[in-house]
Each structure stands twice: as C-alpha cells, then as structure tokens.
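# Observations on the model geometry
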2 protein chains.
Amino acid sequence: MVTGLGVRFDSIVASAGPLCVGIDPSAAALQAFGLPDTAEGALEFGRAVVAASIPRVGIVKPQVAYFERFGSAGIGSLETLIREARSGGLAVIADAKRGDIGSTMDGYANAWLASGPLQSDALTVSPYVGFDALEPAFSLATNYGATVFVLCATSNTNADQLQRATIAGAALPAVVARFARERSGGTMTVGVVVGATRGLADSGLTEADLDGLLILAPGFGAQGASLADISRIFGTATSRVIPSVSRSVTNDGLANMPRSIDRHLRELGL
Amino acid sequence: MVTGLGVRFDSIVASAGPLCVGIDPSAAALQAFGLPDTAEGALEFGRAVVAASIPRVGIVKPQVAYFERFGSAGIGSLETLIREARSGGLAVIADAKRGDIGSTMDGYANAWLASGPLQSDALTVSPYVGFDALEPAFSLATNYGATVFVLCATSNTNADQLQRATIAGAALPAVVARFARERSGGTMTVGVVVGATRGLADSGLTEADLDGLLILAPGFGAQGASLADISRIFGTATSRVIPSVSRSVTNDGLANMPRSIDRHLRELGL
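Residues numbered from 1 in each chain as written. Chains lettered and ligands numbered in written order. Predicted model: local features only at pLDDT ≥ 70, side-chain atom pairs only at ≥ 80, totals over all residues. Heavy atoms only, no water.

This paragraph deals with the UniProt feature "domain: Orotidine 5'-phosphate decarboxylase" (unreviewed entry) in chain A. Per the UniProt annotation, the sites labelled "domain: Orotidine 5'-phosphate decarboxylase" (unreviewed entry) are residues 18-261 of chain A. Strand forms 18% of residues 18-261 of chain A and helix 39%; the C-alpha atoms that close the span are 12 Å apart. (UniProt positions renumbered as here; feature names shortened; annotations may be inferred. Helix = DSSP H or I, 4+ residues; strand = E, 2+ residues; numbered from the N terminus.)

Here the focus is the interface of chain A and chain B. The interface of chain A with chain B comprises 56 residues on the first partner and 56 residues on the second. Counting each side, the surface lost to burial between chain A and chain B is near 4,400 Å², with a carbon and sulfur contribution of 57%. Our count for the contact surface shared by chain A and chain B stands at four salt bridges. One salt bridge connects B:Glu68 with A:Arg98, and the closest N-O pair in it is separated by 2.9 Å. For the pair chain A and chain B, the interface holds 27 residue pairs in polar contact (both at pLDDT 80 or more). Those elements that place two or more of their residues in the side of chain A that touches chain B are α4 (65-68), α5 (71-87), β3 (91-98), α6 (102-113), β5 (147-153), α8 (160-163), β6 (166-167) and α9 (172-184) of chain A. Per-element accounting of the side of chain A that touches chain B gives the leading share, seven residues, to α6(A). (Contact = heavy atoms within 4.5 Å. Buried area = accessible area lost by both parts, 1.4 Å probe. Salt bridge = Lys/Arg side-chain N within 4 Å of Asp/Glu carboxyl O. Polar contact = N/O pair within 3.5 Å; in protein donor to acceptor, adjacent residues only side chain to side chain.)

All names here are of chain A. Here strand β1 (residues 20-23) shows no split at all, with Cys20 and Gly22 on one side and Val21 and Ile23 on the other all buried. Bridge analysis of β1 against strand β10 (residues 241-245) gives two bridges, and the strand direction is parallel. Bridge pairing in β10 places Cys20 opposite Ser244. In this structure, β1 lies alongside strand β2 (residues 59-62), joined through four bridges in parallel fashion. (Buried < 20%, exposed > 50% of the residue type's maximum accessible area, 1.4 Å probe, protein only. Pairing = 2+ DSSP bridges.)

To continue, consider the packing of α5(A) against helix α5 (residues 71-87) of chain B. Axis separation between α5(A) and α5(B) bottoms out at 8 Å; the angle between their running directions is 180°. As the angle between them shows, α5(A) and α5(B) are arranged roughly antiparallel. Two secondary-structure elements touch here, α5(A) through A:Gly71, A:Ser72, A:Ile75, A:Gly76 and A:Glu79 and α5(B) through B:Gly71, B:Ser72, B:Ile75, B:Gly76 and B:Glu79. In terms of residue class, the contact of α5(A) with α5(B) is built from two nonpolar, six polar and two charged. (Axes fitted to C-alpha atoms, helices over the stretch in contact; angles between N-to-C directions. Parallel < 35°, antiparallel > 145°, perpendicular 65-115°, else oblique. Nonpolar A, V, L, I, M, F, W, Y, C, P; charged D, E, K, R; others polar.)

It is worth spelling out the environment of B:Gly46 at this point. Residues and elements named next belong to chain B. Considering the arrangement of structural elements, one finds Gly46 in helix α3 (residues 39-53). C-alpha of Gly46 to C-alpha of Ile82: the two residues are 36 residues apart in sequence and 9.3 Å apart in space. Residues in contact with Gly46, not counting those within four places in the same chain, are Ile23 and Leu81.

It is generally the case that most residues other than glycine have a negative phi and that most peptide bonds are trans. The omega torsion across A:Ile54 and A:Pro55 is 0°, close enough to zero to call that bond cis. Mapped onto the elements of the fold, A:Pro55 is located in the loop between α3 (39-53) and β2. One non-glycine residue, A:Lys97, lies in the positive phi region at around 50°. Looking at the secondary structure, you find A:Lys97 in strand β3. Overall, A:Lys97 belongs to the buried group, its relative accessible area being 9%. Phi is positive for B:Ala168, which is not a glycine, with a value near 50°. Summarising the element assignment, B:Ala168 is placed in the loop between β6 (166-167) and β7 (170-171). B:Ala168 sits in the exposed class, given a relative accessible area of 85%.

Next up on the list: α5(A). Residue and element names in this part refer to chain A. End to end, α5 covers 24 Å across 17 residues, agreeing with the expected 24 Å (1.5 Å per residue, within 8%). Extensive coverage of α5 is indicated by the burial of twelve of its 17 residues. Among all positions of α5, only Gly71, Ser72, Gly74, Ile75, Gly76, Ser77, Leu78, Glu79, Thr80, Leu81, Ile82 and Ala85 are buried. (Expected span 1.5 Å × (residues − 1).)

Residue and element names in this part refer to chain B. The eight strands lie next to each other as β1-β2-β3-β4-β5-β8-β9-β10, forming a closed barrel whose pairing is parallel. Between one strand axis and the next, the sheet turns through 30° on average, direction left out of account. Docked against the sheet, α5 engages β1 (20-23), β2 (59-62) and β3 (91-98), running at close to 145° with respect to β3. Running at roughly 155° to β3, helix α6 (residues 102-113) makes contact with β3, β4 (122-125) and β5 (147-153) of the sheet.

The next point concerns the side chain of A:Asp209. Residue and element names in this part refer to chain A. Residue placement: Asp209 occurs in the loop between β8 (190-194) and β9 (214-217). In this structure, Asp209 is buried with no salt-bridge partner, the nearest side chain bearing the opposite charge being Arg181 at 4.4 Å. Filtering out sequence-adjacent residues up to four positions away, Asp209 remains in contact with Ala174, Ala177, Arg181 and Gly204. (Lys, Arg positive; Asp, Glu negative; His and termini not counted.)

The two chain copies are connected by a rotation around an axis plus a translation along it. You can overlay chain A on chain B at an RMSD of 0.0 Å; the transform is a turn of 180° with a shift of 0.0 Å along its axis. The relationship between the two copies is best expressed as a two-fold rotation axis. By C-alpha distance to the rotation axis, the residue of chain A lying nearest is A:Ser72, at 2.4 Å. Both copies present the same face, since 100% of the interface residues in chain A are matched by interface residues at the equivalent positions in chain B. (Least-squares fit on C-alpha atoms with pLDDT ≥ 70 in both.)

The next subject is the environment of B:Ala48. All names here are of chain B. By secondary structure assignment, the location of Ala48 is in helix α3. For Ala48, a relative accessible area of 18% corresponds to the buried category. Sequence separation of Ala48 and Phe33 is 15 residues, and the distance between their C-alpha atoms is 9.9 Å. In contact with Ala48, not counting residues within four places along its chain, are Leu254 and Met257.

Shown next as structure tokens:
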C-alpha cells in the first residue's frame, strides 16, 4: 500500500501539524514511568506515548536502539508498536540510522520499508558509505510512498568531528543535501536529518541547500532548541520541517504527556 | 566474561589464522542453497556456514541486515546462530554498522556487546555522527574485551562520494583512523573497517595511518580483491588484517564450502 509519510505529509500537516513525538524507551525513561526495563516495559511505554499522541500529532518516531537492546523480544515489541501506531492513523518514522552497501542495504530497506512486520512510513539512514549506496532504500520508498531521511547535520556536540570535512569547499551536510535534492527531484522520497541545536550556518548549510527537502529535525526540547524558534533556525525551509521531541514529552511522567504535547504545539503556534 | 575478539585475536591467529567467513543469508544465497527465504532458512544457512568454518577459521561475521529483514523472527535466528557459533569456539563479529548519539548509541552498544541474547565479540559501527559519539560502544568493548570496528574506507565503488571529503588535507578515512588510533591506544578495543578493493592510497590512507589498529577488511573474493594480494594491499599493516570472505565461500554451494574455505586459506599462505 502506498501510504508512507511522503504521500501523506501534506494531509498530516493540514490536520495535525508537523510535530513528531519520539518514542525512546531508555532504561531511565522506563524507570521514570515505573515500568520494568524489559521488552514488555518498552512496549507499554510505547503504547502510552502513542495513546497520548492520538489525535494531537500525526507522526511518531520510535528510536530502534531502545528496542534492539532487548534482542528479538525488543524487536517483537517494536513490531507490535509500529502496527498499533499505524492502525491508529499515525505515520511512523523508524529511527534506525541504517547504512550499508549493495545487497546488504537492500536487506535493511526490505526490513523497514517493504511489506513485513517492521514496515514503517519512513526510515532514517546514515550516508558514510556513500549516497548512492543507499539507493535500495530510496527505490523501496518510492514504491511505498515512504520517505528516507538521510543523516545530514546531527544535533550532538561532537557532530563536526567528521561533518566539518569538505569537498570542493562544501561541508559534508551541504554535500549530503545536494545529493538528496538531486535524488528526490522535488518528491518527498528522500529527506534529510538536520539537528536543530547547532543552527544551519554552524553545520555548513544554507536555507537554499535544503530547498524542497523534507527535514526531520531532532534537537528540540530536552536537547536544547525551542520550538518557538523553529522559523529562526530553518528560515524558508520551515514549512517542510518535522520537529521531533522525545524526552521533553515523556520526562514529565505518564499522566502529563498530553499536556506536554499540547504545550509543544502551542510553542509551534498551532 | 572478558572473551571478546580483542583479547582473543592473537590466539585465534596462532591457531587458525586471521580469515573471517561472512554469513550473508540473502534471498539469492538461500535460493542457491535450496532453503526457504525465511528466518528459519537464514538460521539453517548460518548453521551450515558455521559448521564448515569449524575448525578451519576462528572468526565469522553475520551480516545483520539479512536477518533483520525478517523482523523479530530473523533477529531470533541471529541470536541462536551467535550463541551456537560462540559455543563452537568461533569469535563473532556482528556486522551491524550501527551509529547514533548519546544514550541511543548506548542502546546499540548494549544490544550487541553487553551480556544478552545478541552479545558478540565485535561490532561494526558507522561514524557519520562523529567519532566520540560512538564512545558508549568503545566503553562496553573495553569491559568485555571486545572490538568495535569503525567504518573507515568502504569497499563499494561509490564510497568516495563522501569519503573523499577532507579536514585540513586529510581524507575522512585518515581522520577516522587517527581518532581510532588515539582511542585504542595500542589495544584492540577500537579497530577500523578498510575495504580491500580500492587500495589504501585511493582511499586517502597510508600504512602509517593504520599503525597498530586491528583492521576488518571486506572486499576479498566475490567483491574482487585476491587474498594472495593481501600484503601488497596492506603492507606493514597486514599482520593485523582480518580478511573477510562471504559469497566466494557460499556461492559454490553447501557441499563445497569446506573446500572453498581451504582454497582461501591457501591463497593466504596458510
């Protein structure tokens, strides 16, 4: 079914706005919720975030690492969570940051984008291996109307250890954005991940570099950037930014999640 | 238990040599073996490769993507395979190419290096997010005597789309290798992945860049590099190279795997 994030983005924004709620069942988060640090606890945590997200937002982003740490049982919980979130009308971004070459990348693309137990509406990938190596994901995303978000400028303090490297004067984030623009050709098949904490210029990016690209933007909330500043940070690219908040929603505890999400929506002016 | 690849490398080389056999249950490989393209088929394939590897080699490398494409069932097969391979005395490199920041990287490190259902003797990681962001994996590897192989120069034809980027005149592979040397400090906690297909110079590397580092080297066999050329390719770094072969072992079919491995060992001069 062609129902991925790419083909649904405009209608999601029209009905619920662009906010994305992250699902990060870390050991600390499970403890704060009074849940066991197990695959079952991670599923219960995820279900609570999904319940608070409907109908406030249209997009959720499970962080795969926090499920993978429980092995197959954790991935089983993630399958259930993805299925339930999509059944509830949410678009699911699998934040997996996969990246490999050739038929191996094809394996990852099939895992997360093809019809199967982990099928999601979007996937994050990592481009160190080269942009064209990620083509199997782009191809499958095209088939399913999904979006592949390529890591471009990350939100961590040591991001520039590699990302400040340049090719012909352009820093890696600008190089990745250029490849993404060329491959997406104005569609929403290929997007980029640009952290909101550093500012575009500090990452070697301009607003023009991001022209037409769907942008997944972590770094809001607990990581430091304010949703109220989204236009200042992303300028002309703002209308295609999916701001993502995780800990700032769940840190206030189970009962307060709806209020935390509503507060973030107000910060966005929604 | 401190029994990872780092603390065992010297004894593995002394007893079996450095050759690593990849376990890549792609759809094409399963079909060639007459196995179903399912999680069960992937486990049977993996068991056959493990059986042919003992006692010929000391290291196997399951490619996680080919298990992940079956979701939790595939990861369950991988758990079984890793456990059986380690019980049989093999060191297991989980070829997962994970890479994320902060507590998310901690989740991946725990999944693959801590005591648990997927615990392996080594893990491959991807550095686009920054080298220090991978520290949770290095820390856990230290605790368990394991090795974290950081993607440095990959073996695909489009690798240089990003990897030719430079910082102060050094290409990304040389930058990654420098970080790895600093962090490993002469131990085998941190290694690098350097594909054998392109040659060091073409990747912006010198033998000195790799001084003292454990090197996982895919690209031999089906991808084009010959094991007989390993000294020509890696020069003074050759004694710490783990050459990896996958399709060239399994493409000849189930019954021929022992002979294929023996042929590769002869090419290495073992």
